[in-house]
Amino acid sequence: MRRVLSALAKPFTETAGLARWMLVAGVVITAVFVICAIFAPWLAPYGFAQSSAHGTEFPKVGHPSSAHPFGTDRLFFDVLSRVIWGARTALEVVILSILFCVVLGVPLGLLSGFYGGWLDRTLVLIMDALYAFPSFLLAIVVSFLLIDVYGGSVIAVSLSLTVVYIPQYYRVVRNTTLSAKEASYIEAARAIGARDFTIMRRYLFGNVVQSVPVLGTLNAADAILTLAGLGFLGLGIQSTQAAEWGHDLQRALADAGSGVWWTGLYPGLAIVLLVTGLTLVGEGLNETLNPTLRRRRLLPVVMPPRASSTTTQEEQG
Amino acid sequence: MPTKPDTQTGTGPLVEVRHLSVHFQLRGGTMARLFGRDIGTIKAVDGIDLDLQPGEVVGLVGESGSGKSTLGRALLGLVPATTGSIRLQDQDIARMSRRQLREIRRVVQMVFQDPNAALNPSMTVEQAVGDALRVHGMRSASRRREGVVKALERVGLSPVELFLNKYPRDLSGGQKQRVVMARAIVLNPTLLVADEPVSMLDMSVRAKILQLMLDLKSELGLTYIYITHDLATAKYFCDRVAIMYLGRVVEIGPTEEIFAQPRHPYTKALLSAIPEPDPDKMVPRDLPRGEIPDAADPPLGCAFHPRCPEAVRGCGWESRDLRALVEQHWLRTDMAYDEEQAVIGDLDHLDAPATSATLGTGGAGAVRAILDRVRAEDPSEPLWSGVTSIEDAGPGVTVHFEPAEPPALRRAGGVDVACVLYPDEGTGRASD
Amino acid sequence: MAIDLTDQVVDASAGQPVISARDVRVWYGTTRGAIRAVDGVSFDLAPGETLGLVGESGCGKSTLGRGLMGLLPEGAKRDGQVLFRGRDIFSLSQKASYQLRGSELGMIFQEPLTRLNPLMRISQHFEETIKQHEPDLSKDDIRERALEVLRLMGIPPTRYRSYPHEFSGGMRQRLMIALALVLRPAFVVADEPTTALDVLVEAQIVQILNDLRRNFQTSLLLITHNVGIVAEACDRVAVMYAGRIVEQGTVTEVFKHPQHPYTRELLRSTISLSTTGLNFIPGAPPDLVDPPDGCRFHPRCPEAMTVCASKNPVDMERPGGGRVECWLIGPESEIPAGGKQPLKQQELTVADEA
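The rules behind these values
Residues numbered from 1 in each chain as written. Chains lettered and ligands numbered in written order. Predicted model: local features only at pLDDT ≥ 70, side-chain atom pairs only at ≥ 80, totals over all residues. Helix = DSSP H or I, 4+ residues; strand = E, 2+ residues; numbered from the N terminus. Rg over C-alpha atoms; globule rule 2.2 N^0.38 Å. Buried ≥ 20, exposed ≤ 12 C-beta atoms within 10 Å, placed from the backbone. Contact = placed C-beta atoms within 7 Å. Nonpolar A, V, L, I, M, F, W, Y, C, P; charged D, E, K, R; others polar. Domains from an automatic or database assignment. pLDDT = per-residue confidence, 0-100. Pairing = 2+ DSSP bridges. Axes fitted to C-alpha atoms, helices over the stretch in contact; angles between N-to-C directions. Parallel < 35°, antiparallel > 145°, perpendicular 65-115°, else oblique. Left-handed = near helix turned anticlockwise from the far one by under 90°. Expected span 1.5 Å × (residues − 1). Core = buried A, V, L, I, M, F, W, Y, C linked by C-beta atoms within 7 Å.

Examining the overall build of chain C
- What chain C contains, in helices and strands, is 11 helices and 12 strands.
- Whereas a compact globule of 354 residues would reach a radius of gyration of roughly 20 Å, chain C reaches 21 Å, a difference of no more than 12%.
- Seen through its principal axes, chain C has C-alpha atoms that stretch 70 × 45 × 45 Å.
- Within chain C, the proportion of its 354 residues that are buried is 51%.
- Contacts in chain C between residues at least 24 apart in sequence constitute 67% of all its contacts with a sequence separation of at least 6.

Below, the structure written as structure tokens:
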């Protein structure tokens, strides 16, 4: 337990200066949204698709008021509630898609790097093709295809994000595997008679996944944007299924001309904040975990005045 | 070959290596790789015979690129044999399936050169050593721990509790090498291949690790292959020594015999290259020139001849030697370089090994004059004795050399040597 | 300009040491505190002399070399006095010390390939090195100079336009030495120049280093862990342990009659052709963040006395010439009463091993 805690605290204890502040600020911002997501049913005053409470209908496009601090939109929904519920949707999608990426991308990268040959060449070709495709376009195409299967659900959007981001996981893991498998400890594992599967699982895995957490947080920020983009185009999650900031923004577009600012401002602000928070965490982690960027907190060197016995050097020559 | 009298079983050698070759295909640049074209072959191990008696320590000594590590790895099946056989316990390691190979590694184990790289950085000492037991089917964690504790105690890592949960980064170099040894002996092997086990360690710990290896040998009845570039440790540690150069054994015999009377010029060179810390025992030395050549294009004839201080006529002189000789000449005469270089022209084409070499662009007579000047500088240079004729060829000359085969291992005194200076004892001195 | 000045200084002070280091300290910053890698080191280096610096890894010998050259990582500090031909190089401005490096102070590293630009021909390497310090030299003059140095290193002139990858490991090290020497620096630090090389090539390089004094009149500080190389290539030797030079003198004197127990044990643990038994030094060099009190070698010393654990040893004239820091040598007057009792040592186990 203590080891887990100290491992978790390591990024904080080992960073200095800007990297540390980036990490702290990022963690705080992200934590607010995570709390919103987890406790949405209790934090949000109303449901995300609720247009009346206690028998009274909400006003249409109502100004911010004590009952609705962020106002209401043209579907009579409470904007504050939708922003809070939106955090839940965003995190659900991001976590699911990163989970898919890791579960698929890491083993594929490991196999591909370890065995090489035609398997490697085929996978590299596929992944490079995916990577070369404009990512947003790819997400649109995939969610179009999946809309028939899953409808505009969280799963469908997560899968389309997975297709966008999986090449990065694959490539990172494959490349680290390629260099790690040349290490002498892999040969040593062979020399004790380990099977390929054992070597990959117990000797390579732990050493090649180290950059995945950083990649995960950085991708999460990007994924939030892609998700909002899909929602804005109406390809994401429908407003009755879940609250989604991008979709809300799209609906708020029409309001902007008539001087209604609150329907667009708050979801937009939520997107900006969460993306900033996740980026800060990612960059902060990168500076801590990536040895080429890491700058450890060095204690200043203070040379005490000389002790008498070290200055007794006599004149030489 | 002399056998140790105190063999454990008395039933002959533990390992019999016969005509073993390990060749690697080279693949060149981007284009070649794209089309899967082979550029050449490296004969890392090239036709080696070696017997290992039970309980013996055999040293494989040579520079990097001599094939000593590849030979050691072939004994574990870590690199596939191209031809030949490795017989151990009535099985041929060179022809084993992957499954059989995994099994044979209970019997043959390996210690690696760099203790910092030979341990998985994300495994504790207990996991690292215990994994050897685990991959060989020991499921019970408590029995594994028992085995690990015993092995760690054997290699001197006690109190064991201090080490079990340490990661490699928490250990010193010597301690890491002890863990590597523990991992090697935990399966109770009979043969241990030690690939430069002390060369990365500090002087002050080398002796400790060597002592540990000697202790383990007598306690566990191990047989060692000791791979090293350092004849000083080999002298202390080995019963027999095989000197290797470019994939072949050039001299093999009992340690005392080899050190008392080294025969092959390469052995002599290696011996003279060891820096001697005792100022009283220092001797002026005649070092071989150059470095170990590219194994993809080994010298013709005897592979050592371009560097050999004792080279003679039948060593297999060739085009590249001529290039080296002309370049040597230019090292000495700094004034004449520009002028002579204009006559000789480019030398790069001589890098293709051949027993005839055409060179020169400034007229046959001028080229001959330069070659004569080179020859006059050092008339005793053995290359000239290998020249059969020099013909005019267009604006230059063609130098023809006497072709030669690489010398085979032949009996000489108590050892076997592969050198034209030591013709077969049985047939008398034939090639005079 | 700098060269003219220093040349005058050398004329005026012929016979003076090229380098005279007094009480040099180099400390590194870490997350745990300062590592006292070099902690009060003094030595002199005469013109054309080679001084070997030996010791186990982690004793500060590389740090000393880099400290002298001013090549230290961030967070490191150095002090003391290092006179190079009478000028204190530790108090020079950044620009002046940059000028000095390369032209007057040279450095040879362990891994030659990492120091050569793979995209530049050898000729370009020389042009760049020389032009930095002598911008007015023509290409032909540069070539002539470079070829002369290469010749002394045994590299034929035909290879002048080659790229670094076309050379073998030993040739690359020769190139590095040639590059370090082409400006004829008066003082060169060679940090483990042969460690990455094969035995025969190592011996060739040692011979080249041995010839440096004759060919270049260069003073050389040769850092190595191999006492054999020191015996072969050096005039004098300084034995370093835990940030201090514990013994220095001529190679013959120190190696034949080692005074400091560390020198003796280091020589005894070296395996050479004449080795008949295995010896080793128990334990490991100390953690230099918190070195032991008194003599830093006392926890591993077979002859430690009670005074060794409490009082820093005094720098003494070594019997037979040179200097040594050990209470066994004296001075008697500073050893407190009963200080010569053998020290009760903690038993050293493998847990403390290097």
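There is more to say after this.
Quick word on the environment of B:Gly174
Residue and element names in this part refer to chain B.
- Position of Gly 174 among the secondary structure elements: in helix α7 (residues 173-185).
- Classification of Gly 174 as buried rests on a count of 23 C-beta atoms within 10 Å.
- For the pair Gly 174 and Asp 372, spaced 198 residues apart in sequence, the C-alpha separation works out to 57 Å.

A closer look at the interface of chain C and chain B
- Contacts between the two partners involve 48 residues from chain C and, on the opposite side, 45 residues from chain B.
- Looking at the side of chain C that touches chain B, the elements with two or more residues in it are α6 (139-152), α8 (199-216), α9 (227-233), α10 (251-256) and α11 (261-269) of chain C.
- Across the side of chain C that touches chain B, the residue classes tally to 23 nonpolar, 17 polar and 8 charged.

Here we look at the domain arrangement of chain C
Residue and element names in this part refer to chain C.
- Each assigned domain of chain C is listed here: domain 1 (12-241) and domain 2 (265-352).
- If you average the C-alpha positions of domain 1 and of domain 2, the two centres end up 31 Å apart.
- Facing 14 residues of domain 1, the contacting portion of domain 2 comprises 10 residues.
- A per-element tally of the side of domain 1 that touches domain 2 places strand β2 (residues 34-45) first, with 4 residues.
- Each residue belonging to the side of domain 1 that touches domain 2 can be placed in one class, and the counts come to 7 nonpolar, 4 polar and 3 charged.

A look at the confidence of the model for chain C
Residue and element names in this part refer to chain C.
- Averaged over all residues, the pLDDT of chain C equals 86, while 95% of them reach at least 70.
- Across chain C, the element-wise mean pLDDT spans from 40 in helix α1 (residues 2-12) up to 95 in strand β9 (residues 236-241).
- The low-confidence segment residues 1-13, where pLDDT is below 50, has 10 contacts with residues more than four positions distant or belonging to other chains.
- At the level of chain-chain contacts, confidence expressed as ipTM amounts to 0.86, with global pTM at 0.86.

Focus: the sheet that holds strand β14 (residues 410-412) of chain B
All names here are of chain B.
- Read across the sheet, 8 strands follow the order β6-β7-β8-β3-β9-β10-β15-β14 without closing on themselves; strand pairing throughout is mixed. Two strands close off the open sheet at either side, each with one partner strand: β6 (108-111) and β14. Strand-to-strand twist in this sheet, taken as the mean axis angle between neighbours without regard to direction, amounts to 20 degrees.
- Inspection of the sheet shows β14 paired to strand β15 (residues 415-417) by 3 bridges, in the antiparallel sense. Within the sheet, the bridge partner assigned to Ala 412 lies in β15 and is Val 415.
- Of the strands in this sheet, β3 (57-61), β6, β7 (191-195), β8 (223-228) and β9 (240-245) touch helix α2 (residues 68-75), which is tilted by about 150 degrees from β8.

Describing the packing of α7(B) against helix α8 (residues 203-220) of chain B
Residue and element names in this part refer to chain B.
- Viewed as axis vectors pointing N to C, α7 and α8 meet at an angle of 20 degrees, and their least axial separation amounts to 10 Å. With respect to α8, the axis of α7 lies roughly parallel. In the packing of α7 onto α8, the handedness of the crossing is right-handed. Residue-level inspection shows Gly 173, Gly 174, Gln 177, Arg 178, Met 181 and Ile 185 of α7 in contact with α8, the latter providing Val 205, Lys 208, Ile 209, Leu 212, Leu 216 and Leu 220.
- Its residues assigned to classes, the contact of α7 with α8 shows 7 nonpolar, 3 polar and 2 charged.

Here we look at α8(B)
- For α8(B), with 18 residues, the first-to-last C-alpha span of 26 Å sits near the 26 Å given by 1.5 Å per residue.
- Those residues of α8(B) not exposed but buried are B:Met203, B:Ser204, B:Val205, B:Arg206, B:Ala207, B:Lys208, B:Ile209, B:Leu210, B:Met213 and B:Leu216.
- Against the buried residues of α8(B) lie α5 (141-154), α7, β7 and α9 (231-237) of chain B together with α11 of chain C.
- Note on α8(B): the residue one or two positions beyond its end, B:Gly221, has a positive phi of about 65 degrees.

What to know about the environment of C:Asn210
All names here are of chain C.
- Its location among the elements puts Asn 210 in helix α8.
- Sequence separation between Asn 210 and Cys 234 is 24 residues; the distance between their C-alpha atoms is 7.3 Å.
- Every residue in contact with Asn 210, bar those within four places of it in the chain, is listed here: Glu 232 and Ala 233.

Describing the sheet that holds strand β12 (residues 387-393) of chain B
All names here are of chain B.
- Across the sheet, 3 strands lie side by side as β11-β13-β12; this open sheet has antiparallel pairing. Each edge of the open sheet carries a strand with a single partner, namely β11 (356-359) and β12. Direction aside, the axes of adjacent strands within the sheet are offset by 15 degrees on average.
- Taken together, the 6 bridges between β12 and strand β13 (residues 396-401) define a ladder with antiparallel strand orientation. Following the sheet pairing, Asp 392 is matched in β13 by Val 397.
- Lying on the sheet, helix α14 (residues 364-377) is in contact with β11, β12 and β13; it crosses β13 at an angle near 50 degrees.

Some points on the environment of C:Glu347
Residue and element names in this part refer to chain C.
- Relative to the helices and strands, Glu 347 is located in the segment after β12 (323-325).
- On the basis of neighbour count, Glu 347 is assigned to the exposed category, with 7 C-beta atoms found within 10 Å.
- On a C-alpha basis, the gap between Glu 347 and Ile 208 in space is 44 Å, while along the polypeptide they are 139 residues apart.

Remarks on the confidence of the model for chain B
Residue and element names in this part refer to chain B.
- Looking at chain B as a whole, the pLDDT averages 86, with 91% of positions reaching at least 70.
- With pLDDT under 50 throughout, residues 1-9 is counted as low confidence; its partners more than four residues away or in other chains account for 15 contacts.
- Low pLDDT (under 50) marks residues 427-432, which in the prediction has 5 contacts with non-local residues, meaning those over four places away or in another chain.

Concerning the nonpolar core
- If you look at the biggest cluster of nonpolar residues, it comprises 303 residues, and the most contacted ones within it are A:Tyr169 and A:Ile224.
- No other element matches the 15 residues that helix α4 (residues 79-115) of chain A contributes to this core.
- When residues of this core are assigned to domains, at least three fall in each of domain 1 (12-241) and domain 2 (265-352) of chain C.

Some thoughts on the pairing of β9(C)
Residue and element names in this part refer to chain C.
- Across the 6 residues that make up β9, a large majority, 6, are buried.
- Neither face of β9 is open: one carries Arg 236, Ala 238 and Met 240, the other Val 237, Val 239 and Tyr 241, and all of them are buried.
- With 4 bridges joining them, strand β3 (residues 50-54) and β9 adopt parallel strand pairing. Within the sheet, the bridge partner assigned to Val 54 lies in β9 and is Val 239.
- Between β9 and strand β10 (residues 244-250), which follow one another and run antiparallel, lie 2 residues, and Ala 242 among them has a positive phi close to 50 degrees.

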